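Tertiary structure, described
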Amino acid sequence: KKSKAKKKKREAGPTTVQDLPDHLFELILVRLGPSPCLVRAAAACRRWCRVVGNPGFFARFGPVHAQAPHVGDYHAVHGGQPLFVPSSPAVVDRSRFSLEFLPESGSWDIADSRGSLLLLTKKRAPQSWRDYSRRVRHYPDLMVCEPLTGLYQGILWPEDLDGIGRLGVFLLDGDDADRRVSTSNFRVLAAVDDTVACVFSTGSEGGWRIIYSEITSHVELPKLGPENFVGRANGTLYWGIDGCATATSRIVGGEDGVLHVIRLIGNELKVFAQWHPGSDEDEWLLEIQLMLPEATLGLPGRKEHFFRQQAMIVAANTRYVLLTPSEKSWLFSVELDTMRIERKHERNRYAGEAYPCKLPWPPALADHGRERR
């Protein structure tokens with residue numbers, strides 16, 4: 001009798017979201033899209049986590065939301081640990097993206113980012129100008145980590161290649177093209193010179209391998225260094241020649257495949273766009289033309305003697321360009337979509353490269369009851 005009474009009471013009670021079958025509940029969750037809201041929903045209870053974490057959920061609805069959300073940028077800070085600046089401080093908790101979980105957390109410099117992953121290089125205290133040059137051009141220890149989940153993997157540089165100068169290290173998508181970049185699916189590219197590169201890949205058959213370029217071996221190129229690297233876009237890395245260096249030129253590309261070349265000629269900022277690279281309609285269009293001395297008038301801290309020499313590009317991406325006059329480190333940014341000039345934004349406090357960070361997608365939740373590795 002008591003069992004029947006309880007059953008009738010449950011039947012008479014109000015209907016909640018927990019009464020929905022999984023296939024209808026999925027239709028609700030998918031409308032959240034790839035956002036922090038979906039990650040928070042997955043952390044609400046075991047059932048919600050099970051539904052969101054089910055591979056079938058993303059296999060069925062993943063193509064609807066192919067873009068993982070951008071949550072902020074890690075800024076390279078000279079002599080310090082990379083700092084995370086959230087894209088929306090009211091929504092993104094910056095403490096969740098701290099790098100304190102890393103072993104020897106204060107001894108890493110950021111070299112690159114891809115999706116939700118960061119590529120870090122081990123710092124070495126320079127004892128002389130020769131040691132400083134070696135620290136810039138050599139990467140004896142590498143680390144790939146995912147700050148939100150606390151997962152990381154250390155990578156040892158091959159001993160037989162130690163001591164060889166390199167143009168830079170870069171984080172790439174993994175060998176499995178059907179999966180997004182993750183701690184179990186990534187590659188690291190170390191450009192040795194214009195003819196040789198080393199690639200590290202994950203997996204049981206992964207590790208380092210050397211790649212030789214037959215094309216560049218027959219082309220005479222000027223000597224390149226890390227200062228000649230001008231950016232990456234649409235799966236291609238670019239180095240500048242004939243006076244085209246990092247301080248005056250950048251190349252960026254977004255998910256839409258549009259290629260942008262950012263040039264600083266004197267104190268005039270120009271942004272060119274190539275909307276259909278590789279096609280018959282691959283003409284370059286001038287999208288932005290801005291005279292910096294006039295455009296920065298009235299900004300806080302602007303001095304009359306600024307821009308008597310050529311300005312410099314500090315950082316650039318598909319969203320903004322960070323610049324400074326040569327006379328003094330006076331950082332300001334130009335937003336590429338609106339051409340709005342910002343001086344007070346938090347990103348303008350750091351005179352170093354900015355590396356974008358996205359949410360892990362599909363979302364992965366850290367188990368804080370276990371040690372993170």
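Residues numbered from 1 in each chain as written. Predicted model: local features only at pLDDT ≥ 70, side-chain atom pairs only at ≥ 80, totals over all residues. Heavy atoms only, no water.

Under an unreviewed UniProt entry, the name given to the protein chain is F-box domain-containing protein, and the organism recorded is Aegilops tauschii subsp. strangulata.

**Concerning the sheet that holds strand β8 (residues 186-191)**
Defined as follows: Think of it this way: DSSP has to see at least two bridges between two strands before they count as a pair. The way it works is that DSSP assigns letters per residue, a run of H or I at least four long becomes a helix, a run of E at least two long becomes a strand, and they are numbered from the N terminus. Axis lines are fitted through C-alpha atoms, for helices just across the contact stretch, and the angle between N-to-C directions can take any value from 0 to 180 degrees.
What the 4 strands build is an open sheet, ordered β7-β8-β9-β10; its pairing is antiparallel. Of all strands in the sheet, those with a lone pairing partner are β7 (168-173) and β10 (207-212), marking the two edges. On average, each strand axis in the sheet is inclined to that of its neighbour by 25 degrees, with strand direction left out of account. Relative to β10, strand β9 (residues 196-201) is paired through 6 bridges, and the arrangement is antiparallel. Looking at β10, one finds that F200 is bridged to W208.

**Focus on the pattern of salt bridges**
Stated precisely, the cut-off is as follows: Note on definitions: salt bridges are taken to be side-chain nitrogens of Lys or Arg within 4 Å of carboxyl oxygens of Asp or Glu. Burial classes: relative accessible area under 20% of the type maximum marks a residue as buried, over 50% as exposed, and values in between as partly exposed (1.4 Å probe, protein chains only).
Counting across every chain of the model gives 12 salt bridges. With a closest N to O distance of 2.8 Å, D73 and R319 form a salt bridge. A residue pair is termed long-range when its members are at least 10 positions apart, and D73 in strand β1 (residues 70-75) and R319 in the loop between β17 (312-316) and β18 (320-324) qualify at 246 residues. Its relative accessible area of 31% is what places R319 among the partly exposed residues. A salt bridge links D109 to K123; its shortest N-O distance comes to 3.8 Å. Taken together, the residues span a long stretch of sequence, with D109 in strand β3 (residues 108-114) and K123 in the loop between β4 (117-122) and α6 (129-137) at a distance of 14 residues. Each of D22, R47 and R50 takes part in one network of salt bridges that share partners.

**Considerations on the side chain of E342**
Selection rule: Under the rule applied, a polar contact is a pair of N or O atoms within 3.5 Å (in protein, one hydrogen donor and one hydrogen acceptor; residues adjacent in sequence only if both atoms are side-chain atoms). The contact criterion used throughout is that any non-hydrogen atoms of two residues lie within 4.5 Å.
Along the polypeptide, E342 turns up in strand β20 (residues 341-342). Only 2.9 Å separates the side chain of E342 from the side chain of R340, close enough to count as a polar contact. For E342, the residues in contact, after removing those within four places along its chain, are F332, S333, E335, R347 and N348.

**Side note on the nonpolar core**
Nonpolar side chains tend toward joint burial in soluble globular proteins. In plain terms, the rule: What is meant by a nonpolar core is a set of buried Ala, Val, Leu, Ile, Met, Phe, Trp, Tyr and Cys residues, joined one to another through side-chain atoms within 4.5 Å.
Residues I262, L269, L292, L323 and F332 are the most contacted members of the largest nonpolar core, which totals 21 residues. Sorting the residues of this core by element identifies β14 (259-265), β15 (268-274), β16 (284-291), β17, β18 and β19 (332-335) as the ones contributing at least two each. L292 has contacts with L264, N267, L269, F307, A311, L323 and F332, leaving out every residue within four places of it along the chain. Grouped together as the second largest cluster of nonpolar side chains are 19 residues, Y74, F101, L118 and C145 included.

**What to know about the confidence of the model for the protein chain**
Where the model shows low pLDDT, its predicted coordinates should not be examined in detail. Rule in force here: Each residue carries a pLDDT score, the predictor's own confidence in it, on a scale running from 0 to 100.
Per-residue pLDDT for the protein chain averages 81, and the proportion of residues at 70 or more is 77%. Here residues 126-140 scores under 50 on pLDDT; set against residues more than four positions off or in separate chains, the count is 23 contacts. For residues 365-373, every residue scores under 50 in pLDDT, and the model assigns this stretch 15 contacts once sequence neighbours within four places are set aside.

**Brief notes about the packing of aromatic side chains**
This is how it is decided: When two rings of Phe, Tyr or Trp (its six-membered ring) have centres within 6.5 Å they constitute a pair, described as stacked for plane angles under 30 degrees, edge-to-face for angles over 60, and tilted for the intermediate range. The criterion is that NZ of a Lys, or CZ of an Arg, lies within 6 Å of the ring centre and within 35 degrees of the ring normal, and then a charge sits over that ring.
All told, the structure shown has 14 aromatic pairs when counted by the stated rule. With 5.8 Å between their ring centres and 85 degrees between their planes, F170 and W239 make a pair best called edge-to-face. Taken together, the positions of F170 in strand β7 and W239 in strand β12 (residues 236-239) put the pair 69 residues apart, joining distant regions of the chain. With 6.5 Å between their ring centres and 85 degrees between their planes, F306 and F307 make a pair best called edge-to-face. Each member of the pair, F306 as well as F307, is classed as buried. Each member of the aromatic cluster is reached from another via a ring pair, and the members are W157, F186, F200 and W208. Across from the ring centre of W108, 5.4 Å away, lies the NZ or CZ of K122, which sits over that ring. Lying across the ring of Y320, R347 places its NZ or CZ 4.1 Å from the centre.

**Side note on the pairing of strand β13 (residues 249-253)**
On a regular strand, one side chain projects to one face of the sheet and the next to the other, so that they alternate. Judged by how many residues are buried, β13 sits mostly within the fold: 4 of 5 residues are covered. Pairing of β13 with β14 involves 5 bridges; the strand directions are antiparallel. Bridge pairing links S249 to R263 in β14.

**With respect to helix α4 (residues 46-53)**
Rules: Think of it as the arc spanned by the lines of direction from the helix axis to the C-beta atoms.
Among all positions of α4, only R47, W48, V51 and V52 are buried. All buried residues of α4 fall inside an arc of 125 degrees around its axis, so they share one side. Opposite the buried face of α4, at more than 90 degrees from it, the exposed residues are R46 and G53.

**Considering the layout of surface pockets**
Basically, it comes down to this: Grid points spaced at 1 Å and placed over the protein atoms alone form the basis of the search, with a cavity being a set where a 1.4 Å probe fits but cannot get out and a pocket an open set showing protein on both sides within 12 Å along at least five of seven lines. Lining residues have an atom within 4 Å of a point. Grid points are joined across faces, edges and corners, and a volume is the space filled by probe spheres set on the points. Annotation comment: domain bounds sourced from an automatic or database domain assignment.
If you add up the space inside the second largest pocket, you get close to 500 Å³. For the second largest pocket, the lining is made up of 22 residues, of which A191, D193, D194, A197 and W239 are closest to its centre. Contributions of two or more residues to the lining of the second largest pocket are made by β8, β9, β10 and β12. A domain-level breakdown of the lining of the second largest pocket finds at least three residues from each of domain 2 (73-80 + 224-356) and domain 3 (99-213).

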